[in-house]
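Coordinate inspection notes
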Amino acid sequence: MALIGWTPDLNVGVPEIDKDHAHFVDLVNRLASADDDAFPELFEESYQHLETHFAMEEGLMQKYGFFAYVPHKAEHERVLAQTRTIQTQIASGDVETGRRYIEETITAWFINHRNTMDAVTANFIQMARRNEAGAS
Ligand SMILES: [Fe+2]
Ligand SMILES: [Fe+2]
């Protein structure tokens, strides 16, 4: 069963962010239906995806001088550290903790983060890009 249904409502209006978010939703849904053998590798892939995605968002924030870069980056770092801890538990054979993390924590976190920090960041970037386009 899919944990998150991807709908256009989830778009924040910055194409490279939306492309990654759609990919992340797909990874979360694949994790939800993965068997115990497939779960650890897919969890690792999801961790890598988050790391790359966060670095990309942070690059955009820096490029456009986003005012809340510091707390947004701090939240990314918090989630990466938390996910790394869960990954250590999965590696020691506790797949169940990984499943609970995906189902109960990460799904709600993603929606909340998308609706708050990512949405505000995306609005700022869209405005900066419009100004850029208007100025040239
Ligand atoms: Fe994001
Ligand atoms: Fe973010």
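Throughout, a residue's number is its position along its own chain's written sequence, starting from 1. Here the convention is simple: chains get letters from A, ligands get numbers from 1, in the order in which they are written. It should be noted that, the model being predicted, local features are given only for residues of pLDDT at least 70 and side-chain atom pairs only at 80 or more, the latter also being counted only at that level, while totals for whole chains, interfaces and linings use all residues. The basis for every side-chain value is the complete set of heavy atoms in the structure, and neither hydrogens nor water enter the calculation.

Observations regarding the coordination of the iron ion (ligand 1)
Coordination partners: N, O, S within 2.8 Å of the metal, 3.2 Å for Na, K and Ca; water not considered, so apparent gaps in a site are possible. His21 (NE2), His53 (NE2), Glu57 (OE) and Asp118 (OD) make up the full set of protein donors to the iron ion (ligand 1), lying at 1.9 to 2.2 Å. The coordination sphere of the iron ion (ligand 1) comprises four donor atoms, whose angles at the metal cover 79 to 172 degrees; the geometry is irregular. Counting along the primary sequence, the residues that act as donors to the iron ion (ligand 1) give the motif H-x31-H-x3-E-x60-D. The distance between the iron ion (ligand 1) and the iron ion (ligand 2) comes to 3.6 Å, with glutamate 57 serving as a donor to both metals. You can see histidine 21 sitting in helix 1 (residues 15-33) and its partner glutamate 57 sitting in helix 2 (residues 39-64), a full 36 residues away along the chain. As far as burial versus exposure is concerned, histidine 21 and glutamate 57 are alike and both buried. Tetrahedral means four donors with every angle between 85 and 135 degrees, whereas square planar (four donors) and octahedral (six donors) require angles over 155 degrees between opposite donors and between 65 and 115 for all others; sites fitting neither are termed irregular. Each helix is a run of DSSP H or I of at least 4 residues and each strand a run of E of at least 2, with the numbering of both proceeding from the N terminus. Partly exposed describes any residue whose relative accessible area lies between the buried limit of under 20% and the exposed limit of over 50%, with all areas from a 1.4 Å probe on protein chains only and scaled to the type maximum.

Examining the pattern of salt bridges
Proximity of charged atoms lets side chains of opposite charge pair with each other. One speaks of a salt bridge when a side-chain nitrogen belonging to Lys or Arg is within 4 Å of a carboxyl oxygen belonging to Asp or Glu. In total, this model carries seven salt bridges according to the counting rule given. The partner of arginine 99 in a salt bridge is aspartate 36, with the nearest N and O atoms 2.7 Å apart. Taken as a pair, arginine 99 in helix 4 (residues 95-135) and aspartate 36 in the loop between helix 1 and helix 2 lie far apart in primary sequence, 63 residues in all. With a shortest N-O distance of 3.4 Å, lysine 73 and glutamate 58 are connected by a salt bridge. With lysine 73 in helix 3 (residues 69-91) and glutamate 58 in helix 2, this residue pair connects regions lying 15 residues apart in the sequence. The class for glutamate 58 is buried, based on a relative accessible area of 10%. Sharing partners across several salt bridges, the network here consists of Glu58, Lys73 and Glu77.

Some words on the packing of helix 1 against helix 4
Two quantities define a packed helix pair, namely the angle between the axes and the distance from one axis to the other. Fitting a line to C-alpha atoms yields each axis, with helices limited to the stretch in contact; the angle taken between N-to-C directions then spans 0 to 180 degrees. Between helix 1 and helix 4, the least distance of the axes is 11 Å, while the angle of their chain directions is 175 degrees. When the axes of helix 1 and helix 4 are compared, the pair comes out roughly antiparallel. Along the contact surface, helix 1 presents Pro15, Glu16, His21, Phe24, Val25, Val28, Leu31 and Ala32, while helix 4 presents Arg99, Ile102, Ile106, Thr107, Phe110, Arg114, Asp118 and Arg129. For this classification, Asp, Glu, Lys and Arg are treated as charged, while Ala, Val, Leu, Ile, Met, Phe, Trp, Tyr, Cys and Pro are nonpolar and the rest, including Gly, are polar. Classifying every residue of the contact of helix 1 with helix 4 gives nine nonpolar, two polar and five charged. What sets the label is the angle itself: under 35 degrees gives roughly parallel, over 145 gives roughly antiparallel, 65 to 115 gives roughly perpendicular, and the rest give oblique. Should any heavy atoms of two residues lie within 4.5 Å, those residues are counted as being in contact.

Describing the coordination of the iron ion (ligand 2)
Only Glu57 (OE), His72 (NE2), His76 (NE2), His113 (NE2) and Asp118 (OD) from the protein coordinate the iron ion (ligand 2), and they sit 2.1 to 2.2 Å from it. One chain supplies every donor to the iron ion (ligand 2), and in sequence these donors are spaced E-x14-H-x3-H-x36-H-x4-D.

Overview of the environment of proline 40
Tracing the backbone shows proline 40 in helix 2. Residues proline 40 and glycine 98, spaced 58 residues apart in sequence, show a C-alpha to C-alpha distance of 8.4 Å.

Some thoughts on helix 4
Helix span, as expected, comes to 1.5 Å for every residue beyond the first. With 41 residues, helix 4 should reach 60 Å at 1.5 Å per residue; the first-to-last C-alpha distance of 53 Å falls well below that figure. Note that bend, as reported per residue, equals the angle between axes fitted to the 7 residues terminating at that residue and the 7 residues originating from it. Along helix 4, the sharpest change in direction is near 40 degrees and occurs at aspartate 118.

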